[in-house]
There are 2 protein chains.
Amino acid sequence: MIRISLDLMGGDFGPEVVVPGAAKALDRHPDITFVMYGQKERCEAVLAKYPKLREKSVFHECEVAISMDEKPSQALRRGRYVSSMWRSIEAVKTGDADVVVSAGNTGALMAMAKFCLRTMANIERPAIAAIWPTLRGESIVLDVGATIGADAQQLLDFALMGGAMARALFEIERPTVGLLNVGVEEIKGQEEVKDAGRLIREANLESLEYSGFVEGDDIGKGTVDVVVTEGFSGNIALKAAEGTAKQIGAYLRAAMSRTLLARIGYVFAKGAFDLLREKLDPSKVNGGVFLGLNGIVIKSHGGANVEAFAAAVDVGYDMAKNGLTQKIENDLKRYHAKRLPPIGPEAA
Amino acid sequence: MIRISLDLMGGDFGPEVVVPGAAKALDRHPDITFVMYGQKERCEAVLAKYPKLREKSVFHECEVAISMDEKPSQALRRGRYVSSMWRSIEAVKTGDADVVVSAGNTGALMAMAKFCLRTMANIERPAIAAIWPTLRGESIVLDVGATIGADAQQLLDFALMGGAMARALFEIERPTVGLLNVGVEEIKGQEEVKDAGRLIREANLESLEYSGFVEGDDIGKGTVDVVVTEGFSGNIALKAAEGTAKQIGAYLRAAMSRTLLARIGYVFAKGAFDLLREKLDPSKVNGGVFLGLNGIVIKSHGGANVEAFAAAVDVGYDMAKNGLTQKIENDLKRYHAKRLPPIGPEAA
């Protein structure tokens, strides 16, 4: 049994999307049970329409809902201990749930998750990992925007955490990991990235295979299972790719409706276009995973539709079922056990 | 008359692509004359096939050719003063050419261009500007990899230079300029980016309209005419977008050849697909512009085909014809004239 905690008030649509999304995920994974948090009247009205889901769920009333444009500091002040977002996270801390899924605003969710769950021992900064569709299947890219900048040690931590997630998600023994860098000879990349490359190579990690530097176009090719970068460039890579996908979709629609012949061709090839649309459908790949906290937090897109929210619940299910947190903890322990004891002033 | 200097030995194919590419550009712009640099036998053999081009060109023999994998430092040691790359750049310095176009390796080309042409007064760092196809037409994105990192003042310089290039390329009076940033509330972007935003706003630049922060997906939307960022994230955005375009192209080809119906549809819609292919054809948009040097340097993709190299020559032609260097100098002067005289230890 996997117990999933849900913030029913999160996202642009709240329970109207979260509840049917959860119902869809339950159809696929009948061993889920839910703990749910939200405003009573609105949530119960929707829940009543999904009796099968209702039966597998415990609902907790929370009057405070965090809005999508609230600043993290404001959300913390107003929503700590009492909001549906906070309490859905807290359920992971208290052990009432194995994982929490929220479509609420990223900044507030990260702030509350850090405050409530705290970062793991030996991890300074959490990261947001995205699941990126590639020509070879899927890859994990992190950090896509939890924090800006990262030193070599933090990038190594990202590599370890991303590697553990790849093992949980793709069920491969020793995922390949690359560091995102630029290919222009002249500049040879950021110092931190170069240092991180050395550090990861020297650490000889058992849990992953370090593949060296990769460039922006390697992500879509699926050159490695895990792409590691700091949050600024990771976020920009993700958004630039999303923008390009939308742009090409727009070109394609315009091209296919321009002439009668093209429209006839479209009718014949509709199956192919449907397949393509499915490949490009953002709702098929939804769910950023917060890594480095004492508990699994899944962030769904705020604008997610029912299918997309269900996909985020699926991700949470997989992560909990495959013991993501345990895997990360083990990998971190193995790495730190191998490190030499510190020398000098740190060796207290 | 526009005088264009060509490094015939640059790129993966050398004169076999550069020469016919130049011939193609000459067909479109009969007022071009060329100065050319390269190894005698190989170049003259190709040139002989293009008598119209030969007639408008002066050829200079250079025995040294810079290879595509040479490190910048090595290229400088071996090729300074004597290589076709160096001498084609030098032609801009001596006034024998208005612009140089090379498909040679980026690192070496930038190193030589900096060494030979020097950066403009008040510019610390050159930038590479890419012309990015968008849903609204084209935008300029810089820096896409000349240097890594940039402080607020350097980002302002990029904004000025990108704005001048937009005026030269798109012939708009006051282009809109945005700073690339991440949208997650929690982190609110790099300090330098925030500082640059303040600096640009306070500078009240006449030559451009500052539009504030933009995100990765705004590039493809064409939200602003010029997107400013430092070289690491700019390069990663560019490559991630290129990777995504290739990925979707591969999906589309696979989808359209999967079933008989799809293949029939493809035949009907062939015109539409050709149009789409043209939209996505990287050879239509080729030519990174080095900004901030005392002279215009256009970098063509190393793997450019004839059409793509001709497109890079077109870019060089437009930049020279519209007085890019002069526009940048004027904009810089106007900006620096308005700045208050320095206070404190700098005020010597």
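All of these numbers come straight from a predicted model, not from anything done at the bench.

Caption draft 1: Region of interest: the interface of chain A and chain B. At the interface, 62 residues of chain A touch 62 residues of chain B. Of the roughly 5,500 Å² buried between chain A and chain B, counting both surfaces, carbon and sulfur atoms make up 74%. For the pair chain A and chain B, the interface holds two salt bridges. The partner of Glu-215 of chain A in a salt bridge is Lys-239 of chain B, and the shortest N-O contact between them spans 2.3 Å. Put simply, chain A and chain B have eight residue pairs in polar contact (both at pLDDT 80 or more) between them. Mapped by element, the contributors of at least two residues to the side of chain A that touches chain B are α6 (106-117), β5 (127-134), α9 (216-221), α10 (231-256), α11 (260-268) and α12 (270-280) of chain A. Sorting elements by how many residues they give to the side of chain A that touches chain B places α10 of chain A first, with 20 residues.

Caption draft 2: Region of the structure containing the sheet that holds strand β6 (residues 137-142) of chain B. Residue and element names in this part refer to chain B. Overall, mixed pairing links the 11 strands, which are arranged β3-β2-β1-β4-β11-β10-β5-β6-β9-β7-β8 in an open sheet. Bordering the open sheet on either side are β3 (57-61) and β8 (209-214), each of which pairs with just one other strand. Strand-to-strand, the axes of this sheet are offset by a mean angle of 25 degrees, without reference to chain direction. Sheet topology note: the strand β7 (residues 176-180)/β8 ladder contains four bridges and is parallel. The residue bridging Val-177 from the neighbouring strand is Tyr-210, located in β8.

Caption draft 3: Examining helix α8 (residues 191-203) of chain B more closely. Between its terminal C-alpha atoms α8 of chain B stretches 18 Å, which fits the 18 Å expected from 13 residues at 1.5 Å a residue. Turning to α8 of chain B, its buried residues are Val-193, Ala-196, Gly-197, Ile-200 and Ala-203 of chain B. Buried residues of α8 of chain B, seen end-on, are gathered within an arc of 140 degrees and therefore sit on one face of the element. When the buried face of α8 of chain B is taken as reference, the exposed residues oriented beyond 90 degrees from it are Arg-201 and Glu-202 of chain B. Structurally, α8 of chain B contributes buried residues whose contacts are with α10 of chain A together with α7 (152-170), β7, β8 and α14 (324-338) of chain B. Once α8 of chain B ends, the next one or two residues include Asn-204 of chain B, with phi positive near 45 degrees.

Caption draft 4: Structural context of the domain arrangement of chain A. Residue and element names in this part refer to chain A. The assigned domain composition of chain A is domain 1 (1-122 + 292-326) and domain 2 (124-285). Taking only C-alpha atoms, the centre of domain 1 and the centre of domain 2 are 25 Å apart. Both faces combined, the contact of domain 1 with domain 2 buries some 1,300 Å², and carbon together with sulfur accounts for 70% of it. Here domain 1 is connected to domain 2 by zero salt bridges. Counting only elements with at least two residues in the side of domain 1 that touches domain 2, the list comes to α6 and α13 (306-321). If you tally residues by element for the side of domain 1 that touches domain 2, the top one is α13, at six residues.

Caption draft 5: Looking closely at the sheet that holds strand β9 (residues 226-228) of chain A. Residues and elements named next belong to chain A. Overall, mixed pairing links the 11 strands, which are arranged β3-β2-β1-β4-β11-β10-β5-β6-β9-β7-β8 in an open sheet. Each edge of the open sheet carries a strand with a single partner, namely β3 (57-61) and β8 (209-214). Each strand of the sheet is rotated relative to its neighbour by a mean of 25 degrees, with strand direction disregarded. Here helix α2 (residues 40-47) sits on the sheet in contact with β2 (32-38) and β3, set at roughly 160 degrees to β3. Sitting on the sheet, α13 touches β1 (2-7), β2, β4 (99-102), β5, β10 (288-291) and β11 (296-299), and the angle it makes with β1 is about 140 degrees.

Caption draft 6: Region of the structure containing the packing of α7 of chain B against α14 of chain B. Residue and element names in this part refer to chain B. Where α7 contacts α14, the two axes come as close as 9 Å, and the packing angle between them is 135 degrees. Our classification of the angle between α7 and α14 gives oblique. The handedness of the crossing between α7 and α14 comes out as right-handed. Listed contacts from α14 to Gln-153, Leu-156, Leu-160, Met-161, Ala-164, Met-165, Arg-167 and Ala-168 of α7 are Leu-324, Lys-327, Ile-328, Asp-331, Leu-332 and Tyr-335. A per-class count over the contact of α7 with α14 returns 10 nonpolar, one polar and three charged.

Caption draft 7: View of the relation of the copies chain A and chain B. Take chain A, turn it by 180 degrees, move it 0.0 Å along the axis, and it overlays chain B with an RMSD of 0.0 Å. As the rotation angle and translation indicate, the two copies are arranged about a two-fold axis. Nearest to the rotation axis, the C-alpha of Gly-265 of chain A is located 1.9 Å from it, this being the minimum over chain A. The fraction of interface residues of chain A whose copies in chain B are also interface residues reaches 100%, indicating that both copies meet through the same surface.

Caption draft 8: A look at empty space enclosed by the protein. All names here are of chain B. Under the definition given, this model contains seven cavities of 30 Å³ or more. Reported here for the largest cavity is a volume of approximately 70 Å³. Around the largest cavity sit Leu-205, Glu-206, Ser-207, Asp-331, Arg-334, Tyr-335 and Lys-338, which together line it. Residue composition of the lining of the largest cavity, grouped by class: two nonpolar, one polar and four charged.

Caption draft 9: Here's a closer look at unusual backbone geometry. The residue after Leu-142 of chain A, namely Asp-143 of chain A, is reached through a cis peptide bond having omega 0 degrees. Relative to the helices and strands, Asp-143 of chain A resides in the loop between β6 (137-142) and α7 (152-170). With phi around 65 degrees, Arg-118 of chain B is a residue other than glycine that occupies positive phi space. Tracing the backbone shows Arg-118 of chain B in the loop between α6 (106-117) and β5 (127-134). Here Arg-118 of chain B falls in the partly exposed class, since its relative accessible area comes to 48%. Backbone geometry at Asn-122 of chain B places phi at a positive 75 degrees, although glycine is not the residue there. Following the sequence through the fold, Asn-122 of chain B ends up in the loop between α6 and β5.

Caption draft 10: Looking closely at the environment of His-336 of chain B. Residue and element names in this part refer to chain B. Following the sequence through the fold, His-336 ends up in helix α14. Since its relative accessible area comes to 19%, His-336 is described here as buried. Each C-alpha atom of the pair His-336 and Ala-262 lies 60 Å from the other, and the pair is 74 residues apart in sequence.

Caption draft 11: Just the pattern of salt bridges, in detail. Tallying each qualifying case throughout the model produces 34 salt bridges over all chains. Between Asp-314 of chain B and Arg-28 of chain B there is a salt bridge whose closest N-O contact spans 2.9 Å. One end of the pair, Asp-314 of chain B, is in helix α13 (residues 306-321); the other, Arg-28 of chain B, is in helix α1 (residues 15-28), with 286 residues separating them in the sequence. On the basis of relative accessibility, which here comes to 16%, the residue Asp-314 of chain B falls in the buried class. Two residues, Glu-206 of chain B and Arg-334 of chain B, come together in a salt bridge whose shortest N-O distance is 2.7 Å. One end of the pair, Glu-206 of chain B, is in the loop between α8 and β8; the other, Arg-334 of chain B, is in helix α14, and 128 residues separate them in sequence. Overall, Glu-206 of chain B belongs to the partly exposed group, its relative accessible area being 43%. Because the salt bridges share partners, they merge into one network encompassing Lys-24, Arg-28, Glu-307 and Asp-314 of chain A.

What counts and how
- Residues numbered from 1 in each chain as written.
- Chains lettered and ligands numbered in written order.
- Predicted model: local features only at pLDDT ≥ 70, side-chain atom pairs only at ≥ 80, totals over all residues.
- Heavy atoms only, no water.
- Contact = heavy atoms within 4.5 Å.
- Buried area = accessible area lost by both parts, 1.4 Å probe.
- Salt bridge = Lys/Arg side-chain N within 4 Å of Asp/Glu carboxyl O.
- Polar contact = N/O pair within 3.5 Å; in protein donor to acceptor, adjacent residues only side chain to side chain.
- Helix = DSSP H or I, 4+ residues; strand = E, 2+ residues; numbered from the N terminus.
- Pairing = 2+ DSSP bridges.
- Axes fitted to C-alpha atoms, helices over the stretch in contact; angles between N-to-C directions.
- Expected span 1.5 Å × (residues − 1).
- Buried < 20%, exposed > 50% of the residue type's maximum accessible area, 1.4 Å probe, protein only.
- Arc of directions from axis to C-beta.
- Domains from an automatic or database assignment.
- Parallel < 35°, antiparallel > 145°, perpendicular 65-115°, else oblique.
- Left-handed = near helix turned anticlockwise from the far one by under 90°.
- Nonpolar A, V, L, I, M, F, W, Y, C, P; charged D, E, K, R; others polar.
- Least-squares fit on C-alpha atoms with pLDDT ≥ 70 in both.
- 1 Å grid on protein atoms, 1.4 Å probe; cavity = no way out; pocket = protein on both sides within 12 Å on 5 of 7 lines; lining within 4 Å.
- Points joined across faces, edges and corners; volume = space filled by probe spheres on them.

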